[in-house]
Amino acid sequence: IIVSNFINFIKKRVYLPKLEEIVYALRKMRLWEKLVFFALAIIFLVSFFIIIWKISNLYTVEVPTYGGTLTEGIIGTPRFINPVLASSDADRDITALVYSGLMRADNNGRLINDMAEKYEISEDGLVYIFTLKPDLVWQDGEPITADDIVFTIEKIKDPSMKSPKRGGWEGVSAEKVDDKTVKFSLKKQYAPFMENTTLGILPMHIWETMSSDQIASSEMNTRPIGSGPYKISEIKRNSVGIISSYEMNSNNNFALGRPNIKKMIMRFYSSEKEILDAYQKGEVEAINAINPQELAKIKTSNNIQALYLPRIFGLFLNQNNAKVLTKKEIRQALDLSVDRKKIIDDVLNGFGAELFHPLPQGTFGALSKDETMIYSPEKAKELLDKNGWKMNTAENVLEKKIGKEVFKFSFSISTSDAPELKETANLLKSMWEAIGAMVDVRVFEHGDLSQNIIRPRKYDSLLFGEVVGRDPDPFAFWHSSQRNDPGLNVAIYANIKVDNILEEARGIEDEVVRAEKYKEFQEEVAKDTPAIFLFSPKFIYITPKNLKGLEAMEKVTIPSERFSMIHQWYKATNKVWKIFAN
C-alpha cells in the first residue's frame, strides 16, 4: 500500500516524459549538448549504483551458504576406514569424515554433543547414561539405535579384533536401556571417560553377520557407511588398484546439520615429496603434517595454521640397560646441557614449544617452567666434576670408578628414521659430547624400532614421541605396571608415590583437584629425571584463503581432529540484511 501510494504521488506531482518525447528532445540537441547530456547521465547512473552498493554493504553481511569443493592431500593410503580398526593417520582422517560419535570435540578442546541429545553421570562416577537425538539415520537411511553403540563397544573389546582402542574400554560394559538410550558401567572411576565417547559408531546392520576375521578383511573398510558429515560417492584407484582418491558428498542427515561445503575430494600420496609436488602444481588446496623445514621451501600465499598438538618428544632413559644412567648426576647433567631452543629452531623451524615435564603447556594440569629449568652446559660440567667424573683423555670420555667398577659416560640413542628425529638425535649427540659423553646414535625403520627395540626394551635411551590427549591420563606412560610390553612406560619408570598419585587421579571427577594431582605427579617425576623432555611440536595445516569457518581452531589432539567442526567450514557465501543474519 505504501509503495502504491508513493507511485501515485509521484505521478501527480512529478511530470515524467514519455520515451517519444525524450527521443525527440535528443534529436533537437546539438552535438555538444548531447555529449553533456550523456556524460551527466553516466555520472548519475554510476553515482546511483555506488550509493546502492554502499548502502548494501552498510546494511548487509556475508553469511555461509551451501556449495563449493575442498580438495585435500593426505600422506598414506587408508586401509581401515573403521573407528574400531583405524590405526594410521590416513585411516583416522577419512574415519573422522565418515563416522560420528556420541560426543565430538569443538575448536577449543571441549566436548559437545554429536549423536547424543543428553547424558547423565552418576554421583559415584561409575555410570554414564546417554540418550540419542531423535530421527538419527545412517547414510543408507537405516535408523540409528542403542544397539549400534553396544555392538561397536563389544567389537572393540573383542580380543580377536585387535582394536587399538581396546585399552580405553577395558572394565567398561555397554548396555541398551531402550532404542534411544545406552548405559555405560565402569568397574572403577575413570574421570577422562568422556573422551572415549568421541569414538565413531559402527552400523550394526552392516557388520553383525561378519566374524572378526571377516570384518578385518571386508571391503566395507574402504567403502564405509557411517553417520558423519560426509559420505563417499566415488572411489578412484591407480593402475595397480591402490586407492588414489575419495570423492565425498555432504551428508544431509548429519546430526549437527548439513555441512556447508558440498564436496570433499581427498587425494592420497605415498610421500611428503609427492604431496608437496601436488600442492605446488595445484592438484590439492590443503595439506597437513608437513615437516617444518620443507614448509620453508614451498611457495604459498595460503593460510598456514600452527595448531597446538598435545604430543611430547623426549629421550626416555632405560636405566636397566645402561648402568651409567642410574647415576642421578648423569641424568641431571644431560638435562642441563640440552639446548631446546636450538632443537626447535633447527629441526622444527620454530614450530614447537620447549618441554620440561611429561605434560606440555596448554594441556590440562600442565606445570609451568621454573627458574631451575635452564640451559647451562657449564653447570652440567660443574655437577659432573663435583661428583668425581674425570676425563679419560685416551678415549675422550668422562669416567668414574665406583668400587672395582669403572663407569664410562657412554650410552646409545635409539630412534626412528623420521628426518626430524634423526636430526634431533645428532644434535643431542653433539651437545652431550661437549660435556664429556660418548654417544652412539642408532636409527631404525619405524616397524623395526617398534617390534625389535621398543617392545623388548632393548635400548639405552629412546628418542620417541607420545600422544598425551586433551584430558591427559599419564597412567599408561608412567605407572610401574606399564613398564613391560604392551605397556607404554618406555622409561621403565617405577615410583610408588607416582603410582598412587596416578591411580588416585583417575577417579577424581573434580577437574581442579585432578589438575593438582597431575601437577604433583610431574613434580615427583622431575625429582627423578627418568627422561629428558625436549619439545612439543605444532601441527601445521595449510588451507586455501577462501576457506572460512576454521579460524577459531586452536588445538587438535590428533591430526584427524581438525575435521571435528568441518560442518561449520564454508567457501560459498551470500549477502543478506543484518537483521536476517542470525
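Starting from 1, residues in each chain are numbered consecutively following that chain's sequence as written. Reporting in this predicted model follows two pLDDT cut-offs: at least 70 for local features of residues, and 80 or more for side-chain atom pairs to be given and counted; totals over whole chains, interfaces and linings ignore these cut-offs and use all residues. For side-chain calculations, the full set of non-hydrogen atoms in the structure is used, while hydrogens and water are omitted.

### Examining the sheet that holds strand 6 (residues 127-132)
Phase 1 of the analysis: If DSSP finds at least two bridges between two strands, the strands pair. A run of DSSP states H or I qualifies as a helix once it reaches four residues; a run of E qualifies as a strand once it reaches two. Both are numbered from the N-terminal end. With antiparallel pairing, four strands are arranged side by side in an open sheet as 5-6-8-7. Strand pairing shows two members of the sheet lacking a second neighbour, strand 5 (116-121) and strand 7 (172-178), which therefore form its edges. Direction aside, neighbouring strands of the sheet carry axes that sit 20° apart on average.
Phase 2 of the analysis: In this structure, strand 6 lies alongside strand 8 (residues 181-186), joined through five bridges in antiparallel fashion. Residue pairing for strand 8: Ile129 is matched across the bridge by Lys183.
Phase 3 of the analysis: Together, strand 6, strand 7 and strand 8 form the strand contacts of helix 5 (residues 146-157), whose direction differs from that of strand 7 by roughly 165°. The convention used is that axes are lines fitted to C-alpha atoms, helices contributing only their stretch in contact, and that angles between N-to-C directions extend from 0 to 180 degrees. Residues are treated as being in contact if the distance between any of their heavy atoms lies within 4.5 Å.

### Describing the environment of Ser173
Phase 1 of the analysis: Assignment of secondary structure puts Ser173 in strand 7.
Phase 2 of the analysis: A sequence separation of 46 residues divides Ser173 from Val127, and the C-alpha atoms of the two residues are 9.7 Å apart.
Phase 3 of the analysis: With near-sequence residues (within four places) excluded, Ser173 lies in contact with Lys157, Lys183, Phe184 and Ser185.

### Side note on the pairing of strand 2 (residues 69-75)
Phase 1 of the analysis: Counting buried positions along strand 2 yields five of seven residues, so the element is predominantly enclosed.
Phase 2 of the analysis: Where strand 2 and strand 11 (residues 263-269) come together, seven bridges link them in parallel fashion. Residue pairing for strand 11: Leu70 is matched across the bridge by Met264. Whether a residue is buried, partly exposed or exposed follows from its accessible area with a 1.4 Å probe, protein chains only, as a fraction of its type maximum: under 20%, in between, or over 50%, in that order.

### Some remarks on the sheet that holds strand 18 (residues 405-408)
Phase 1 of the analysis: Taking strand neighbours across the sheet as the criterion, the three strands line up as 16-17-18 in an open arrangement whose pairing is antiparallel. Both edges of this open sheet fall to strand 16 (390-392) and strand 18, since each of them pairs with a single strand only. Neighbour to neighbour, the strand axes of the sheet diverge by 45° on average, direction disregarded.
Phase 2 of the analysis: Of the strand pairs in this sheet, strand 16 and strand 17 (residues 397-402) are connected by three bridges, and their pairing is antiparallel. Each residue of the ladder has a partner; that of Lys390, found in strand 17, is Glu399.

### A closer look at the packing of helix 18 (residues 496-506) against helix 19 (residues 511-528)
Relative placement of two packed helices is described by the angle separating their axes and the distance separating the axes.
Phase 1 of the analysis: For the pair helix 18 and helix 19, the least separation of the axes is 9 Å and the interaxial angle reads 165°. With respect to their mutual orientation, helix 18 and helix 19 come out roughly antiparallel. For the element pair helix 18 and helix 19, the recorded crossing hand is left-handed. On helix 19, the residues that touch Lys497, Val498, Ile501, Leu502, Glu504 and Ala505 of helix 18 are Arg514, Lys517, Tyr518, Glu520, Phe521, Glu524 and Val525.
Phase 2 of the analysis: Each residue is assigned to one class: nonpolar for Ala, Val, Leu, Ile, Met, Phe, Trp, Tyr, Cys and Pro, charged for Asp, Glu, Lys and Arg, and polar for all the others, Gly among them. Residues that form the contact of helix 18 with helix 19 fall into these classes: seven nonpolar, no polar and six charged. An angle below 35 degrees is treated as roughly parallel, one above 145 as roughly antiparallel, one from 65 to 115 as roughly perpendicular, and anything else as oblique. If you view the pair so one helix is near and one far, a crossing is left-handed when the near helix is turned anticlockwise from the far one by less than a right angle, and right-handed when it is turned clockwise.

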